[in-house]
Amino acid sequence: MPFSSFLSLPQTSEDAQGNPESEEQQRKQKENKARAKKFLLRTAGVLGLVGSGFMVYTFGSSALDEEGNKIPDEFDNDPPVAQQIKRTYKYFKDYRQMIIEPTSPKLLPDPLKEPYYQPPYTLVLELKNVLLHPEWSLETGWRFKKRAGIDNLFQQLAPLYEIVIFTSETGMTAFPLIDGLDPHGFVSYRLFRDATRYSDGHHVKDISCLNRDPERVVIVDCNREAFKLQPYNGLAIKAWDGNSEDRALYDLTTFLKTIATSGVSDVRTVLENYSLEEDPLEAFKRRQTQLEQEEQQRLAELSQLSKRQPMSLGSIAGRFWPRSKQQ
């Protein structure tokens, strides 16, 4: 029989009516699935209750001193179960607050006083994609590439700025990186993720917690959200992609050195002018070039004026002095 004819054969009455044994098997499978689902839900509920009870017991117990004695708290007069629940709630509330808020309202110690030297300005630098760039390969795993110009930046700015590395990375990750980055100790302080203020999915660096005059603080980051609480204290440079030809840190050094040597009383008045620039360092170079051209033009005009000036003075002198006195 041809294959085409096989496809066109009419269905048997048994196929049309369905297989009773197959329907029974499907019904049993559905019942088994329903029972398994109920069992899993009940098991999950029991485990959840047991886990919750263990958590309340662990975190809701009274704190003990070094000798093992109970430390009194505000929940001691409540019923035992209420004590446990309230202490557990307070523990997780404080833990959440610890993540959201900076670890301290004063992240840096007080400025140094004489006879010690305190630089007049404070420079806050992000680590990732500003000073270092993470790279991964099958052969080496994760490595961090050092950006060109870091050593020059530290050496040039250390007398003028108190250098603080304030990164959204954890201390466990960033601490050894900073050790390798700054072997000569130009970095005065290090702040990590726990010192940030967590807001709308971003780790924000709050200047008000630095214990420094905000008029003298400059934040350099590649993410504007990092300084959104004090936008005119920040300079948002482009994130470094690991390009070895990059020279942005040299331009940054020139920019910051210009601010410091000019004795700017409030850095925000300068940084505000660059707040809307997509690349503030390029904007600075462009303005600097324009100023240099204007200065050269002014000097050229003064030079031309000085060349004409002696002739005019001689003619004026001839009018006031007798010819005999001039000889």
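Residues numbered from 1 in each chain as written. Predicted model: local features only at pLDDT ≥ 70, side-chain atom pairs only at ≥ 80, totals over all residues. Heavy atoms only, no water.

### As for helix α7 (residues 248-261)
Note that an α-helix has 3.6 residues per turn; residues three or four places apart therefore point the same way.
No. 1: With 14 residues, α7 should cover 20 Å at 1.5 Å per step; its first-to-last C-alpha distance of 20 Å lies within 8% of that length.
No. 2: Within the sequence span of α7, burial applies to A248, L249, D251, L252, T253, F255, L256, I259 and A260.
No. 3: Phi for G263, located one or two positions after α7, is positive at around 70°. (Helix = DSSP H or I, 4+ residues; strand = E, 2+ residues; numbered from the N terminus. Expected span 1.5 Å × (residues − 1). Buried < 20%, exposed > 50% of the residue type's maximum accessible area, 1.4 Å probe, protein only.)

### Here's the deal with the side chain of H133
No. 1: Looking at the element boundaries, H133 is found in strand β2 (residues 132-137).
No. 2: A distance of 3.1 Å separates the side chain of H133 from the side chain of N129, its partner in a polar contact.
No. 3: Sequence-distant contacts of H133, that is, excluding residues within four places in its chain, are made with R143, F144, K145, W240, D241 and G242. (Polar contact = N/O pair within 3.5 Å; in protein donor to acceptor, adjacent residues only side chain to side chain. Contact = heavy atoms within 4.5 Å.)

### A closer look at the packing of aromatic side chains
No. 1: All told, the structure shown has 5 aromatic pairs when counted by the stated rule.
No. 2: With a centroid separation of 6.0 Å and 45° between ring planes, the pair formed by F175 and F192 is classed as tilted. On the criterion of sequence distance, the pair formed by F175 in helix α6 (residues 171-181) and F192 in the loop between β5 (189-191) and β6 (197-199) is long-range, its members being 17 residues apart.
No. 3: Residue classification places F175 among the partly exposed positions, given a relative accessible area of 40%.
No. 4: When the ring of F255 is compared with that of F284, the centres are 4.9 Å apart and the planes differ by 85°; the resulting orientation is edge-to-face. With F255 in helix α7 and F284 in helix α9 (residues 280-320), this pair connects stretches of sequence that are 29 residues apart. In this pair, the class of F255 matches that of F284, namely buried.
No. 5: An aromatic cluster is defined as three or more aromatic residues linked by ring pairs; in this entry it consists of F255, Y274 and F284. (Phe/Tyr/Trp six-rings, centres within 6.5 Å; stacked < 30°, edge-to-face > 60°.)

### Section: the pairing of strand β1 (residues 121-125)
No. 1: For β1, the tally of buried residues reaches 5 of 5 residues, placing the bulk of the element in the interior.
No. 2: Of the two faces of β1, the one lined by Y121, L123 and L125 and the one lined by T122 and V124 are each fully buried.
No. 3: Relative to strand β4 (residues 161-166), β1 runs parallel, the two sharing 5 bridges. Its bridge partner being in β4, Y121 is matched across the sheet by Y161.
No. 4: Bridge count for β1 against strand β8 (residues 217-221) is 4 bridges, and the pairing is parallel. Following the sheet pairing, L125 is matched in β8 by V220. (Pairing = 2+ DSSP bridges.)

### Side note on the nonpolar core
No. 1: Core analysis: the biggest nonpolar cluster contains 38 residues, and L123, L131, Y161 and F255 have the highest contact counts within it.
No. 2: Going through the elements one at a time, β1, α5 (150-157), β4, α6, β8, α7, α8 (267-271) and α9 are the ones with two or more residues in this core.
No. 3: Counting residues per element, this core draws most heavily on α7, which supplies 7 residues.
No. 4: Residues contacting L123, with those up to four places away along its chain left out, are L153, L157, Y161, E162, I163, V164, V218, V220 and L256.
No. 5: Judged by nonpolar contacts, the second largest core, of 14 residues, contains L108, L191, A195 and A236. (Core = buried A, V, L, I, M, F, W, Y, C linked by side-chain atoms within 4.5 Å.)

### Section: the confidence of the model for the chain
No. 1: Per-chain confidence: the chain averages 82 in pLDDT, with 79% of residues scoring 70 or above.
No. 2: Element-level mean pLDDT values for the chain span from 44 in helix α1 (residues 3-7) up to 98 in β1.
No. 3: When the criterion is pLDDT under 50, residues 1-16 qualifies, and its contacts beyond four places in sequence or with other chains add up to 1 contact.
No. 4: In the predicted structure, residues 313-327 sits below a pLDDT of 50 and forms 3 contacts with residues beyond four places in sequence or in another chain. (pLDDT = per-residue confidence, 0-100.)

### Here's the deal with the sheet that holds β5
No. 1: Strand order in this open sheet of 5 strands is β5-β4-β1-β8-β9, and the pairing throughout is parallel. For this open sheet the edge positions go to β5 and β9 (234-236), each flanked by a neighbour on one side alone. Neighbour-to-neighbour, the strand axes of the sheet open up by a mean angle of 20°, direction not taken into account.
No. 2: Packing of α5 onto the sheet brings it into contact with β1 and β4, and relative to β1 it is tilted by some 160°. (Axes fitted to C-alpha atoms, helices over the stretch in contact; angles between N-to-C directions.)

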